[in-house]
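# Structure assessment
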Amino acid sequence: MASTSTRPEIIVAVKEFKDYLNSKRFLFVFGFLAILTIIGAITGFIDYNSALTTYNSNLQSINSTANIAGRMVRMVEDVPSMLTIFQSYSTYIASVGAFLAICMGFDMITREKEEGTLKLLLTHPVFRDSVINGKLLGAGTMLLLVMASTFLMTIAIMLFFGVMPGSDDLTRIGALFLMTILFMFTWLAIAVTCSTISPNSAIALTVALFLLMLSAVVPDISSTVSSAIAGTAPEMMIPASANSTSSSSVSDSGGNRMFTNGGGPSFESNGTRMTINPDYQAYVSNRNNIENIMNVISPTYNYGVISQVVNEKLSAPRSSTSGNVGFYQQSVDQSVSVITSLSSVLLNILAMLVMIIVGFAVSYVKFIRVDVR
Amino acid sequence: MIRTENLTKAYNGVKAVDSVSLKVEKGEVFGFLGPNGSGKTTTIGMIVGLIEPTSGKCFINDVEVTRDPLRAKKITGYLPDGIGFYPTLTAKQNLKYFSKFYGLSDEEADKRIEELLDYVGLKGVQTHFGGFSRGMKQRLGLAQALINDPQVIFMDEPTNGLDPQGVVQFRNIISDLSKKGKTVFFSSHILSEVQIVCKNIGVISKGKIIAEGTTEEVRRMLQKDDLMTISISVQGTIPELKTAGIVEASYNGSSAVIRARSDIRDEISSELYGSGIKIHELKVVEKSLEEVFLNTVYGSV
């Protein structure tokens, strides 16, 4: 026998990769995601164009009237980011992308058990760890290519419409790509874990879809739970000031976080930030901490805040996904670096990394120990 | 070629296989007989490296399977019961996938696959495995078990669910493999099946080997008592016999059935001759292996 040096992991990975290409289920979901990517990019471009027009119009208007009492007042938003184009994409990835990763992983092991091929495969000269490593390698490679293709589609559409990304934009697109991969691998790890611990594919899919739904509703649940744990909110007060641009005082006895400047913090006329009473700040901080700790178990939430800070060039997440206006506010200075943006969501990134490591570790150990009869 | 030493597998403290020790020589067709759930598949699973033994050892060509499973698997072929292949692949594609684990070049693999498909009667079949009949699945299973030209082939209930023609084809293939010097380990719960193709058999019941050897040796081992049954038929009425060694006797007109600890036909013949009785028939009645097997393993004849 002439010996070729193909490693068993590679043999399994190539088979797994080809299986995806022949899978109608995979091709359908991928096709759906590709269509959504194109739609998202086009609508994103339209939104970006509209924001750009508004910005230019405001800029012209300000040039003639902005000098008030000898001071320049900054009333115009920063230049709209071309990463707006990726906002719809991120939303689709959070739902359809996660579903695609689940479709790829939920029956990775159970299908082999059900079809009796695992038993057959393991009677040939291949170690179990080579089988699981090969399967993960095949699925991971396919996922990587799928994500790369959707990103390239979006970038191609941007270029087609004449939007040229700058160096910072390209860095952020790269960061968003990495974070999207992280998110997709998180769901792949969850799906593969379901596949290794479940007796059959139906149960594995049910568990994985339940976790996907749970991930979507965690921010809502955490909001309610954190309010319950934090207790009754103290009255929020902003001391009245003669030179304030805001109303004299705003109180919030209902626990909702309110601000006087359309969701942004209020400022004195000299440009300094107004202060809110410390006990209310402490309450909100406590409540947000509880909420954030709960939210990190949700990959959907984590990806939501990560894509938000990257796409919108924020120094911290602007709002929670539950729709409440967060205590974190949009940076006034939009020239924050991508490192600063990502640093603000480090906990969310770490949470997804932990999920991937734990998920694959559980799958690995379970698969190595399972009795194949 | 195949050797197991006190091979044991316990699930949650319950022993599915209990101290099984077997020895199968090179080129032998060994029948592994036992009722469903007796531990046949678990034993084979441990020998082929699919299931980790709780204790004990198993060797294939002196390679300890748990210590060096890959080396053992390279010289082993396995046709499992209820075999499954990738349903969206053809017979050839399925075999090609498994052939890759043996380091065969593409040309070698293609040549070997063509030979095997021809051998098992699946040459030219382009249907995906999902559309295969039971017989076709078994034949493809045999082809994959032979993909590495193994020295030892394990077959777990290979004729299960096959039509009579398929059963005969399988028997012929097993005989052919034996002639080629392959060692075949063949499990079944049907005694007649094992008797036809195997010279030596091992009987397993409730996880333990209860008999091993040639069919005759196994029959003797399985027979629960040492008593011999002698049937007598004479001209006229048979008198009550006084011959020493008779343990039980039942008389019915001109015939009698005697149970004795040894073959006392000569003594009985002398007594009857001395009484002037003409003997029509005097013979030892032995239970068939099937009767003994059913009685021992299933508890009834």
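Below: a short report on this structure. Being a predicted model, the structure only gives us computed values, none of them experimental.

What counts and how
Residues numbered from 1 in each chain as written. Chains lettered and ligands numbered in written order. Predicted model: local features only at pLDDT ≥ 70, side-chain atom pairs only at ≥ 80, totals over all residues. Heavy atoms only, no water. Pairing = 2+ DSSP bridges. Helix = DSSP H or I, 4+ residues; strand = E, 2+ residues; numbered from the N terminus. Axes fitted to C-alpha atoms, helices over the stretch in contact; angles between N-to-C directions. 1 Å grid on protein atoms, 1.4 Å probe; cavity = no way out; pocket = protein on both sides within 12 Å on 5 of 7 lines; lining within 4 Å. Points joined across faces, edges and corners; volume = space filled by probe spheres on them. Nonpolar A, V, L, I, M, F, W, Y, C, P; charged D, E, K, R; others polar. Left-handed = near helix turned anticlockwise from the far one by under 90°. Contact = heavy atoms within 4.5 Å.

Moving on to the pairing of strand S10 (residues 208-214) of chain B. Residue and element names in this part refer to chain B. Bridge count between strand S9 (residues 200-205) and S10: six bridges; the pairing is antiparallel. The residue bridging Ser205 from the neighbouring strand is Lys208, located in S10. The hairpin formed by S9 and S10 contains two residues between the paired strands, and Lys206 there has a positive phi angle of roughly 50°.

All names here are of chain B. Across the sheet, which stays open at both edges, the six strands sit in the order S6-S7-S8-S3-S9-S10 with mixed pairing between neighbours. The open sheet has two edge strands, strand S6 (76-79) and S10, and neither has a second partner. Sheet twist, expressed as the average angle between the axes of neighbouring strands with direction ignored, equals 15°. Pairing of strand S3 (residues 29-33) with S9, which is carried by four bridges, proceeds in the parallel orientation. Paired with Gly31 across the bridge in S9 is Ile201.

Turning our eyes to something else, we now look at the layout of surface pockets. All names here are of chain A. Of the voids in this model, the second largest pocket is the one considered here, and its volume is about 640 Å³. Residue contributions to the lining of the second largest pocket peak at eight residues, all from helix H1 (residues 8-22). Split into classes, the residues belonging to the lining of the second largest pocket amount to 10 nonpolar, five polar and 10 charged.

We now examine the packing of helix H6 (residues 128-160) of chain A against helix H12 (residues 346-369) of chain A. Residue and element names in this part refer to chain A. Where H6 contacts H12, the axes come no closer than 9 Å and their chain directions differ by 145°. Our pair here, H6 against H12, has a crossing hand that is right-handed. Contact residues: H6 offers Arg128, Asp129, Val131, Ile132, Asn133 and Leu136, while H12 offers Phe360, Ser363, Tyr364, Phe367, Ile368 and Arg369. Tallied by class, the residues present in the contact of H6 with H12 amount to seven nonpolar, two polar and three charged.

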